[in-house]
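For reference, the chains in residue letters:
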Amino acid sequence: MIENINKAQLIELKSRPIWNLGNDVLYRLCKDYPEHKSPAVIVAKVWLIGRAYAAAIERRKNKDEGNDNFYESKVVSEMQKPSLDQNLERISKFNEITPQNISVILETHKHLTDIFKQISEIEKRSLASKYLHFHFPNLFFLYDSRAVKSSRMLLPQFKAEISIQNVDNEYRNYFLRLYHLRDFIYKRDDLLLSPREIDNILINIQSYQWIQLIADKSGSG
C-alpha cells in the first residue's frame, strides 16, 4: 500500500536510468513527427513503440498477409484518416492532467483504441496508451498488465467514482487510480510525479524486496 512507502523510497523507485536513452529516442521521434500523414512516419512510430513496449500492432487476429504488407496497407490507411490528428489536436493545448480535461484525454485514448481494433481485430488499449504517452508524456499513463497489478497493490481500496461516457472503461479505471495515486503523493510528500515516473514506480515495486517490504509494513499495522 502506498501509505507504507515514504518519500525517500519513492524517489528511489521513480528512476530507471538505464532506459532513459531509449525512451528519449521515442519521445523525440513523436515530437519531431507528431502528425499522421506520411506512411513512413506512421510505420516508424507504430512499429518502434509497439516493438519496444511488447505491444506490437502485428499481433492480430487474422494473419492473412505478411507484416510488411500489413503495415503498408492496413496500418497506414487507417491511421491516415484525419480524425486521429483532429483528436490529437484537441489535447495538444493541455500541459497537465486536470479534472477538467480528463474526459477529453480518455476520449482520445478510446478513439485510438478503436482504430487499433479496426486494424488488428483485437483490443489494443495497452498500445494505445503507450503510443499516446510518447506524443503527450504528461497526459497519458502507460497501461499493461504488470502496471495494473502494481497499481492495485498500492491502492487496493480505490474505486473510480467518475462516470465518463465514450471511453474505454478498463483504461478509465486504471487512469483514475493512478491520477488519485499521484495526487495522494503530491499532497503528502510535495512530490509531483510524471506519468513516466509513476510507471517506473509500478515496475520497480514488483521486485521481491519491495513487495516484501510493503507486506511487512502492512502486517505490522
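Everything below is about the structure printed above this text.
Nothing here was measured: the structure is a model prediction, and the numbers come from that model. (Residues numbered from 1 in each chain as written. Predicted model: local features only at pLDDT ≥ 70, side-chain atom pairs only at ≥ 80, totals over all residues. Heavy atoms only, no water.)

Another aspect to go through is helix H5 (residues 82-91). Within H5 the residues assigned to the buried category are Leu84, Asp85, Asn87, Leu88 and Ile91. Projected down its long axis, H5 carries its buried residues within an arc of 155°, all on one side. Of the exposed residues in H5, the ones pointing more than 90 degrees away from its buried face are Pro82, Gln86 and Glu89. (Buried < 20%, exposed > 50% of the residue type's maximum accessible area, 1.4 Å probe, protein only. Helix = DSSP H or I, 4+ residues; strand = E, 2+ residues; numbered from the N terminus. Arc of directions from axis to C-beta.)

At asparagine 166, a residue that is not glycine, the phi angle is positive and equals roughly 60°. With respect to the helices and strands, asparagine 166 occurs in the loop between helix H8 (145-154) and helix H9 (169-189). Of note in the backbone geometry, aspartate 190 takes a positive phi value of approximately 55° without being a glycine. Relative to the elements of secondary structure, aspartate 190 occurs in the loop between H9 and helix H10 (195-204). Residue classification places aspartate 190 among the exposed residues on the basis of a relative accessible area of 59%.

This part takes up the layout of surface pockets. Each pocket or cavity is described by its volume, and for the largest pocket that value is around 410 Å³. Around the largest pocket, the lining is made up of 19 residues, and of these Arg16, Trp19, Ala52, Tyr53 and Arg146 lie nearest the centre. For the lining of the largest pocket, the secondary-structure elements that each account for two or more residues are helix H2 (20-32), helix H7 (125-135), H8 and H10. Classifying every residue of the lining of the largest pocket by side-chain character gives seven nonpolar, six polar and six charged. Of the pockets and cavities examined, the second largest pocket occupies roughly 230 Å³. In this structure, the second largest pocket is lined by Cys30, Lys31, Pro34, Glu35, Lys37, Asp85, Leu88, Glu89, Ser92, His135 and Phe136. Secondary structure elements with two or more residues in the lining of the second largest pocket: H2 and H5. (1 Å grid on protein atoms, 1.4 Å probe; cavity = no way out; pocket = protein on both sides within 12 Å on 5 of 7 lines; lining within 4 Å. Points joined across faces, edges and corners; volume = space filled by probe spheres on them. Nonpolar A, V, L, I, M, F, W, Y, C, P; charged D, E, K, R; others polar.)

Let us now look at the environment of asparagine 101. Turning to its location among the elements, asparagine 101 is positioned in the loop between H5 and helix H6 (102-120). Through-space distance from the C-alpha of asparagine 101 to that of leucine 139 is 9.5 Å; in sequence the pair is 38 residues apart.

Okay, the environment of glutamine 80 next. Following the sequence through the fold, glutamine 80 ends up in the loop between helix H4 (67-79) and H5. Spatially, the C-alpha atom of glutamine 80 lies 7.8 Å from that of serine 38, the residues being 42 residues apart in sequence.

So, to be careful, I would describe these as geometric facts and stop short of saying anything about function.
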